[in-house]
Amino acid sequence: MSICARRLGSGLLGHSTRNVGRSGVRQVFGGAESTGSGSSSTTSWKLLGAMAGSGFVGGLALAGQVAFAEEFVIHPPALPWSHNGLFKSYNHESLRRGFQVYSQVCAACHSMEKTYWRQLIGVTHSDIELKALAAEHMYVDGPDDEGKMFERPGKLVDELPFPYPNNKAARAANNGKKIKVSHS
């Protein structure tokens with residue numbers, strides 16, 4: 001137990017201690033001088049009151065500053081989106097059109113990193129449709145029994161395909177600009 005904790009605790013218990021502590025420095029608590037021994041229980045009560053009072057005043061000061069800073073925040077307008085609410089959901093037809101735009105236009109240059117086919121079940125397509133879409137792409141898998149890598153049709157557990165086979169192909173296609181390719 002620290003010296004301060006012993007002083008505070010001994011004063012709260014109603015008896016004083018004769019231990020001056022290692023420093024022996026005279027301290028002033030609440031206007032009364034003390035030799036560091038916690039000579040009376042009133043000194044400890046004054047210390048406790050001072051700590052509690054300073055915490056309360058500090059808390060009020062901070063609360064005032066936070067409320068003042070909140071006045072200058074620009075809040076976004078509340079829009080009546082169709083997917084807001086407890087029992088509402090996204091417009092699945094729009095999501096399906098968005099996936100179609102991605103796959104026909106954006107996927108030529110951009111990947112949807114860390115997105116798996118299985119995550120789109122019930123969101124954009126059904127289970128059967130996604131199995132067919134995934135099977136259109138070939139994925140490197142293996143090794144087989146002979147230790148060789150092989151290509152197989154995609155499954156629902158695979159990530160959506162990347163547009164480039166490696167970083168060099170990505171740079172060449174983008175005029176030397178550094179492109180991050182996750183799988184290589």
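Model, not experiment: these values are computed from the prediction.

Each value, and the rule that gives it
Residues numbered from 1 in each chain as written. Predicted model: local features only at pLDDT ≥ 70, side-chain atom pairs only at ≥ 80, totals over all residues. Heavy atoms only, no water. Helix = DSSP H or I, 4+ residues; strand = E, 2+ residues; numbered from the N terminus. Buried < 20%, exposed > 50% of the residue type's maximum accessible area, 1.4 Å probe, protein only. Contact = heavy atoms within 4.5 Å. Areas by Shrake-Rupley, 256 points an atom, 1.4 Å probe, with all protein chains shown as cover. pLDDT = per-residue confidence, 0-100. Core = buried A, V, L, I, M, F, W, Y, C linked by side-chain atoms within 4.5 Å. Phe/Tyr/Trp six-rings, centres within 6.5 Å; stacked < 30°, edge-to-face > 60°. Salt bridge = Lys/Arg side-chain N within 4 Å of Asp/Glu carboxyl O. Expected span 1.5 Å × (residues − 1). Polar contact = N/O pair within 3.5 Å; in protein donor to acceptor, adjacent residues only side chain to side chain.

A. Main features of the overall build of the chain. From N to C terminus, the chain includes five helices and four strands. Put simply, the chain runs from its N terminus to its C terminus through helices and strands in the order α-β-β-α-α-α-β-β-α. Out of the 184 residues belonging to the chain, those deemed buried represent 16%. Contacts spanning at least 24 positions in sequence make up 39% of the contacts within the chain whose residues lie at least 6 apart. Split by element, the accessible area of the chain, about 13700 Å² in all, is 60% carbon and sulfur.

B. Quick peek at the confidence of the model for the chain. A residue-level look at the chain finds 59% of positions with pLDDT of 70 or above and a mean pLDDT of 74. Residue range residues 4-38 is modelled with pLDDT below 50. Its contacts to residues more than four positions away, or to other chains, number 50 contacts.

C. A look at the nonpolar core. Ranked by size, the top nonpolar core spans nine residues in total: Phe-99, Tyr-102, Trp-117, Leu-120, Leu-130, Ala-134, Tyr-139, Leu-156 and Leu-160. For this core, the elements supplying multiple residues, two or more each, are α3 (92-104) and α4 (127-135).

D. Local environment of the packing of aromatic side chains. Applying the stated rule across the entire model yields two aromatic pairs. Relative to Tyr-102, the ring of Phe-99 lies with its centre 6.4 Å away and its plane at 40°, an arrangement referred to as tilted. Of this pair, Phe-99 and Tyr-102 both sit in helix α3, separated by three residues, roughly a single helical turn. Exposure remark for Phe-99: the relative accessible area of 9% places this residue in the buried category. Since its relative accessible area comes to 11%, Tyr-102 is described here as buried. Relative to Trp-117, the ring of Phe-99 lies with its centre 6.4 Å away and its plane at 70°, an arrangement referred to as edge-to-face. With Phe-99 in helix α3 and Trp-117 in the loop between α3 and α4, the pair connects residues that are 18 residues apart, well separated along the chain. Taking relative accessible area as the criterion, Trp-117 reaches 2% and is therefore assigned buried. Each residue in the set Phe-99, Tyr-102 and Trp-117 is aromatic and connected to the rest through ring pairs, giving one cluster.

E. Region of the structure containing the pattern of salt bridges. In total, this model carries four salt bridges according to the counting rule given. Between Lys-131 and Asp-127 there is a salt bridge, and its shortest N-O distance comes to 4.0 Å. With Lys-131 and Asp-127 both in helix α4 and four residues apart, this pair spans about one turn of that helix. Taking the relative accessible area as the measure of exposure, Lys-131 reaches 47% and is therefore partly exposed. Overall, Asp-127 belongs to the partly exposed group, its relative accessible area being 32%. Here Arg-152 makes a salt bridge to Asp-158, at a shortest N to O gap of 2.7 Å. On the basis of relative accessibility, which here comes to 8%, the residue Asp-158 falls in the buried class. Among the ionic contacts, a cluster of salt bridges with common partners joins Asp-141, Arg-152 and Asp-158.

F. Representation of α3. The end-to-end C-alpha distance of α3 is 18 Å, a good match for the 18 Å that 13 residues give at a rise of 1.5 Å each. The N-capping residue of α3, defined by a side-chain oxygen 3.2 Å from the backbone nitrogen of Glu-93, is Asn-91.

G. Summary view of the side chain of Asp-158. Assignment of secondary structure puts Asp-158 in the loop between β4 (150-153) and α5 (167-173). A polar side-chain atom of Asp-158 sits 2.7 Å from a polar atom in the side chain of Arg-152. A polar side-chain atom of Asp-158 sits 2.7 Å from the main-chain amide nitrogen of Lys-155. The contacts of Asp-158, once residues within four sequence positions are left out, are Tyr-116, Trp-117, Tyr-139, Arg-152 and Pro-153.

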